[in-house]
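Chains, contacts and geometry: an overview
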There are 2 protein chains.
Amino acid sequence: MRYLIKFSYDGSKFYGYQKQPKLRTVEGEFENALYSINNKQKTRIYSSGRTDSGVHAIGQCAHFDLNINITEYKIKCALNSLLPNDIHVFFAKKVKADFNSRFNAKEKEYYYLINVGEYNPISRNYIYQYNKKLNIKIMRSAIKYFKGKHDFRAFVSEESKKNNYIRYIKKAKIKTYKDIIKISFVGNGFMKYQIRNMVGTLIRIGNDKLKKDSIKKILSGELDNRTVFTAPSEGLYLKRVKYSRRDLIEKKI
Amino acid sequence: MRYLIKFSYDGSKFYGYQKQPKLRTVEGEFENALYSINNKQKTRIYSSGRTDSGVHAIGQCAHFDLNINITEYKIKCALNSLLPNDIHVFFAKKVKADFNSRFNAKEKEYYYLINVGEYNPISRNYIYQYNKKLNIKIMRSAIKYFKGKHDFRAFVSEESKKNNYIRYIKKAKIKTYKDIIKISFVGNGFMKYQIRNMVGTLIRIGNDKLKKDSIKKILSGELDNRTVFTAPSEGLYLKRVKYSRRDLIEKKI
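Moving on, we get to the overall build of chain A. Of regular secondary structure, chain A possesses six helices and ten strands. The globule rule puts the C-alpha radius of gyration for 253 residues at 18 Å, and the 19 Å found for chain A is close to it. With the C-alpha coordinates of chain A rotated into their principal frame, the extents come out at 60 × 40 × 30 Å. Taking all 253 residues of chain A together, the buried fraction comes to 54%. Contacts spanning at least 24 positions in sequence make up 70% of the contacts within chain A whose residues lie at least 6 apart.

Following this line, the structure appears as structure tokens:
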């Protein structure tokens, strides 16, 4: 039986999502818990995508298969009782045997938080402490260049070579709450460091190091992507993974 | 020369404010930093009051004496460069030689945060994860019994014997932000565990374990204080310490 789960974690407490020998990771914690639930059998978990060390998740999704028949609510309770308190499962849902949390994901939403006020020691692992003023007005007019279908290779780290760098960004917006800036992106998928590089570039526009139309020029290759700055991990949150309703319906047996 | 400082810290990273051998405390970190600043002389720091392990501060205040003459801004910078990143100094201010951060404090403000929504692993050290509904309306009508001048001995831990348990509470209110309840108190001073016991009692009223008028009865001694519950430390914040303007003026030499 295949299950989809939605869960949240405090990224500051893990060496990223992906399992690594001898390091504390979200995937590693899940596989320990699933081993106990699934009759002491090694059970793999497949997420909608990895998050880097320090990046938080509000609504990450993943799937796994169990050999036992157990209710959705009991899976939630069993996982939450076995997992450490920096991970929390919101729900478990039975899905079709061919459902895949990564390949069936239609859309993802991320947001990034920046403190432009004085340094805050209490939120330092949860909001990027930029601690200087930014020109929000100019950032708001620059962010629109990210919207739409683009080749984002200039915003991806060198290491991650891909065949296809084309991604579609549906929404990109900036909100402010007193000294906190929240930059949100909704798109069909994001590559490694893509959002942190997009945010870092917006910061460089907001502090006058880059011009408003730089994003357009970096995307087109007219401007070198060495001007791109990677914003630190602690400000980034995976908010939501969206699936089509059809994919979520459990197969009748 | 005597200096007053205002500072913030992440209580989840310390064994409380007060210095203790071999444990990481806020006071201990300050005394290490002041030792370097004050020409390698042991320098004591005196705060407006202690906070318990896990309790946060947004606007804690303290005073100390230095043998060197150094500008207020340089003290701020020197402290922030020497202190760890879970403490932050907002400002330093020269004050009269008889200024005392504890005895001159006119008023203190604390607030307490409770999450009545689903468990949040990201805020678990910063908001009490109560994770059940509370009757805010009844809590709002009960909190008014704390206002005014009362003998708060029933809301103080057994260990802390005092001569005088009379305190004056000027403001006591409850605000809500989605699933977060914020309970604020302003008063002339609060004793050990007093706020956590007041909040715990409000929670017991909000979940129907105690009646609305229990606070009145506990204060008057009519109801046993074994009904009092101590809310956990992670939800508590020292927001502000207020001094009279007159006390803050630097003595002319």
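After presenting the structure, the write-up continues.
Between chain A and chain B, the contact holds 21 residues from the first and 21 residues from the second. Summing both sides of the interface, chain A and chain B together bury roughly 1700 Å²; the carbon and sulfur share of this comes to 55%. Summed over the shared surface of chain A and chain B, the number is six salt bridges. Notably, a salt bridge pairs Glu118(B) with Lys76(A), separated by 2.8 Å at the nearest N-O pair. Of all the secondary-structure elements, those providing two or more residues to the side of chain A that touches chain B are strand S1 (2–9), strand S3 (56–65) and strand S4 (87–95) of chain A. The biggest single contributor to the side of chain A that touches chain B is S4(A), with four residues. Residue composition of the side of chain A that touches chain B, by class: eleven nonpolar, four polar and six charged.

One pass over the structure, following the stated rule, counts 35 salt bridges over all chains. Between Lys170(B) and Glu107(B) there is a salt bridge; the shortest N-O distance is 2.8 Å. Of this pair, Lys170(B) sits in strand S8 (residues 166–177) while Glu107(B) sits in strand S5 (residues 107–115); the two residues are 63 residues apart in sequence, bridging distant segments of the chain. Relative accessible area serves as the criterion here: at 37%, Lys170(B) is assigned to the partly exposed category. For Glu107(B), a relative accessible area of 12% puts it in the buried group. Shared partners join several salt bridges into a network, and the residues in it are Asp10(A), Lys13(A), Arg24(A), Glu29(A), Asp86(A) and Arg124(B).

About the cut-offs
Residues numbered from 1 in each chain as written. Chains lettered and ligands numbered in written order. Predicted model: local features only at pLDDT ≥ 70, side-chain atom pairs only at ≥ 80, totals over all residues. Heavy atoms only, no water. Helix = DSSP H or I, 4+ residues; strand = E, 2+ residues; numbered from the N terminus. Rg over C-alpha atoms; globule rule 2.2 N^0.38 Å. Buried < 20%, exposed > 50% of the residue type's maximum accessible area, 1.4 Å probe, protein only. Contact = heavy atoms within 4.5 Å. Buried area = accessible area lost by both parts, 1.4 Å probe. Salt bridge = Lys/Arg side-chain N within 4 Å of Asp/Glu carboxyl O. Nonpolar A, V, L, I, M, F, W, Y, C, P; charged D, E, K, R; others polar.

Purely geometric numbers; function is a separate question.
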